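As a plain string of letters, each chain reads:
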Amino acid sequence: MTNQHFDRTLRAFQTRIPFRSFTIALVNGDRVIVDDAKALAVRDGVAVFISADGTPTIFDHESVSAFTDG
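Residues numbered from 1 in each chain as written. Predicted model: local features only at pLDDT ≥ 70, side-chain atom pairs only at ≥ 80, totals over all residues. Heavy atoms only, no water.

Turning our eyes to something else, we now look at the overall build of the protein. Broken down by element type, the protein carries one helix and six strands. Along the protein, helices (α) and strands (β) appear in the sequence α-β-β-β-β-β-β when read from the amino end. In terms of overall dimensions, the protein is globule-like: its C-alpha atoms have a radius of gyration of 11 Å, near the 11 Å expected for 70 residues. Overall, the protein is about 25 × 25 × 20 Å in size when its C-alpha atoms are taken along their principal axes. Among the 70 residues that make up the protein, the fraction classed as buried is 37%. Partitioning the contacts of the protein with sequence separation of at least 6, the portion at a separation of at least 24 is 51%. Element-wise, carbon and sulfur atoms account for 54% of the exposed surface of the protein, whose accessible area totals about 4,300 Å². Side-chain charges of the protein comprise 7 positive and 9 negative groups, with the mean position of each set lying 8 Å from the other. (Helix = DSSP H or I, 4+ residues; strand = E, 2+ residues; numbered from the N terminus. Rg over C-alpha atoms; globule rule 2.2 N^0.38 Å. Buried < 20%, exposed > 50% of the residue type's maximum accessible area, 1.4 Å probe, protein only. Contact = heavy atoms within 4.5 Å. Areas by Shrake-Rupley, 256 points an atom, 1.4 Å probe, with all protein chains shown as cover. Lys, Arg positive; Asp, Glu negative; His and termini not counted. Charge placed at Lys NZ, Arg CZ, Asp CG, Glu CD.)

If you want it as structure tokens, here you go:
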């Protein structure tokens, strides 16, 4: 996935009104459930999500296999 496609897709999910949680599937099989738009920072093909318990997950455009609802 290119930097631009990654950023555009992630921003589209992040800015939906009303916000709905979504899942990011990583190529290593891990899944990140984004349940709060404000807990996600995105820039130039890299993102970090901070979970409710404070755990950060860093991922980039090369590590994502899919974005899905829920």
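On to the sheet that holds strand β4 (residues 46-50), then. Spatially, β3-β4-β5 is the arrangement adopted by the three strands of the open sheet, whose pairing is antiparallel. A strand with exactly one partner marks an edge of an open sheet, and here the two such strands are β3 (40-43) and β5 (56-60). Averaged over all neighbouring strand pairs, the angle between strand axes comes to 15°, with direction disregarded. Contacts between helix α1 (residues 3-14) and the sheet are confined to β3, β4 and β5, with β3 contributing the most and set at about 150° to the helix. (Pairing = 2+ DSSP bridges. Axes fitted to C-alpha atoms, helices over the stretch in contact; angles between N-to-C directions.)

So, on to the sheet that holds strand β1 (residues 22-26). Spatial ordering of the open sheet is given by β2-β1-β6, a layout of three strands whose pairing is antiparallel. The sheet is open, and its two borders are formed by β2 (31-34) and β6 (64-69), each paired with just one other strand. Here the strands of the sheet are splayed against their neighbours by 20° on average, with no regard to which way each runs. Note: β1 against β6, five bridges, orientation antiparallel. Note on β6: the bridge partner recorded for Leu26 is Val64. Strands in contact with α1 are β1 and β6; relative to β6, the strand with the most contacts, it is inclined by about 20°.

Under the defined criterion, the tally for this structure stands at two salt bridges. For Arg16, the salt bridge identified is with Asp69, shortest N-O distance 2.4 Å. Residue Arg16 is found in the loop between α1 and β1, and its partner Asp69 is found in strand β6; the two are separated by 53 residues along the sequence. The residue Arg43 makes a salt bridge to Asp44 at a minimum N-O spacing of 3.8 Å. Considered together, Arg43 and Asp44 belong to a single accessibility category, that of exposed residues. (Salt bridge = Lys/Arg side-chain N within 4 Å of Asp/Glu carboxyl O.)

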